[in-house]
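Below, each chain spelled out in residue letters.
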Amino acid sequence: IVGQDWLESPASSWNPPDPARLVFASMKGGVGRSTAMAVLAADLASKNRKVLVLDLDLEAPGIGTMLIEEKDKPKFGAIDWFVEDGVGPISDAEFIADMIAPSPFSAGKGLIDVVPAVGRLSDKFPANVLAKLGRVYLDAPNSEGLPSTFLSQTKKLVDQLVSNKNYDVILVDARAGLNESTAAAVLGLGADILLFGVDTPQTFASYRYLLAHLGHFKREESDDWMYRLRMVHAKAPAVEELQKQFRDKAYGMFSELLYRDVQLLDEHGAPILDKETNLPLLNSEFGVDHEVGPHFAWPILIDNSFVDFDPIAVRTQLLEDYYRIAYGKFLSGAANLLDMNESLK
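Residues numbered from 1 in each chain as written. Predicted model: local features only at pLDDT ≥ 70, side-chain atom pairs only at ≥ 80, totals over all residues. Heavy atoms only, no water.

Caption draft 1: Inspection of the environment of serine 91 at higher detail. Mapped onto the elements, serine 91 comes out in the loop between α3 (78-87) and α4 (93-97). Residue class for serine 91 comes out exposed when judged on its relative accessible area of 75%. (Helix = DSSP H or I, 4+ residues; strand = E, 2+ residues; numbered from the N terminus. Buried < 20%, exposed > 50% of the residue type's maximum accessible area, 1.4 Å probe, protein only.)

Right under this line is the structure:
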């Protein structure tokens, strides 16, 4: 009855010339996921990219307040679209237009459009927000009489937003954890999935649940969804050895649950151990230091300057000189990924 979206097989990869899709996911809040999204959006716009930012963290909206001035906040947010689409299909272009706000951080260069979780109308009547959330996840019947799940609605919402304007990339902020709405972003959009985490036991315990579940799905050689996953080491220390420890843990997790591995044995049939990690060596799709592997995390350095992140109030926080040191490797990884996607168009 519940959790059905997690049973859906991962959608096929997005296809050019559609815009690239990046989902920002995490098992825990407070890892700087939304801040990283704001930084990436500003960096892409500075390079003349057209970016759409969609906040699907409906219970903890935040990206809208980071990127939209109050005077520009749209009438509706994503939460309104889900409620209204549950009543009947939305085909009104004006409704879609009333969900999108321009961000000032794209002025004179590229473009950043933002669909916040909550719009101006909900701010005017805040007592209605919890009631709306109660209706968002209802599986109302569609025109064929079948349940219209949150996953199917999310795919439809993204398709409508994409048809509105010719974007280069869509950045989607998913809800933290293993909620049903997380399944929609992780499984339903054919997107590249950035898996944020800090170096704690809780991070790897939680991601083991997710990867173990994903391991049940079939992987096609022509369109292998596993290659769309990428770990991000949030709040990473500026010490290579400590960043390597995070990667080693991620490698062990991916090797156990997703990589097609055969243990390497010596002439006596005993496992051959890695001299540094003391873990069994594996004849894997990736070695531990293979940068293309999903386990090879992009680090975002811990920086107290981003604790009170409010770029609308402090505009310099989204200038490259301000964010480049902490986010440089993350931005380079994302740029390389998008450049590879661009070459497919």
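Caption draft 2: Local environment of the packing of helix α7 (residues 150-164) against helix α8 (residues 180-188). Close contact between α7 and α8 brings their axes to 8 Å; oriented N to C, the two are set at 55°. Classified by the interaxial angle, the pair formed by α7 and α8 is oblique. Our pair here, α7 against α8, has a crossing hand that is right-handed. Contacts between α7 and α8 involve Phe150, Leu151, Thr154 and Lys155 on the former and, on the latter, Ser181, Ala183, Ala184, Leu187 and Gly188. (Axes fitted to C-alpha atoms, helices over the stretch in contact; angles between N-to-C directions. Parallel < 35°, antiparallel > 145°, perpendicular 65-115°, else oblique. Left-handed = near helix turned anticlockwise from the far one by under 90°. Contact = heavy atoms within 4.5 Å.)

Caption draft 3: Up close: the packing of aromatic side chains. Considering all chains together, one arrives at 15 aromatic pairs under this definition. Relative to phenylalanine 150, the ring of tyrosine 137 has its centre 5.1 Å away and its plane inclined at 45°; by these criteria the two rings are tilted. One end of the pair, tyrosine 137, is in the loop between α6 (129-136) and α7; the other, phenylalanine 150, is in helix α7, with 13 residues separating them in the sequence. With a relative accessible area of 2%, phenylalanine 150 lands in the buried category. An aromatic cluster is built from Phe24, Phe196, Trp298, Phe306, Phe309, Tyr322, Tyr327 and Phe330, whose rings are joined through pairwise contacts. (Phe/Tyr/Trp six-rings, centres within 6.5 Å; stacked < 30°, edge-to-face > 60°.)

Caption draft 4: Up close: the packing of α3 against α6. Axis separation between α3 and α6 bottoms out at 9 Å; the angle between their running directions is 50°. In terms of axis orientation, α3 runs oblique to α6. Like other packed secondary-structure pairs, α3 and α6 cross with a definite hand, here left-handed. Residues Ile79, Asp80, Phe82, Val83 and Val87 of α3 touch α6, and the partners they reach there are Val129, Lys132, Leu133, Arg135 and Val136. A breakdown of the residues in the contact of α3 with α6 according to their chemical character gives seven nonpolar, no polar and three charged. (Nonpolar A, V, L, I, M, F, W, Y, C, P; charged D, E, K, R; others polar.)

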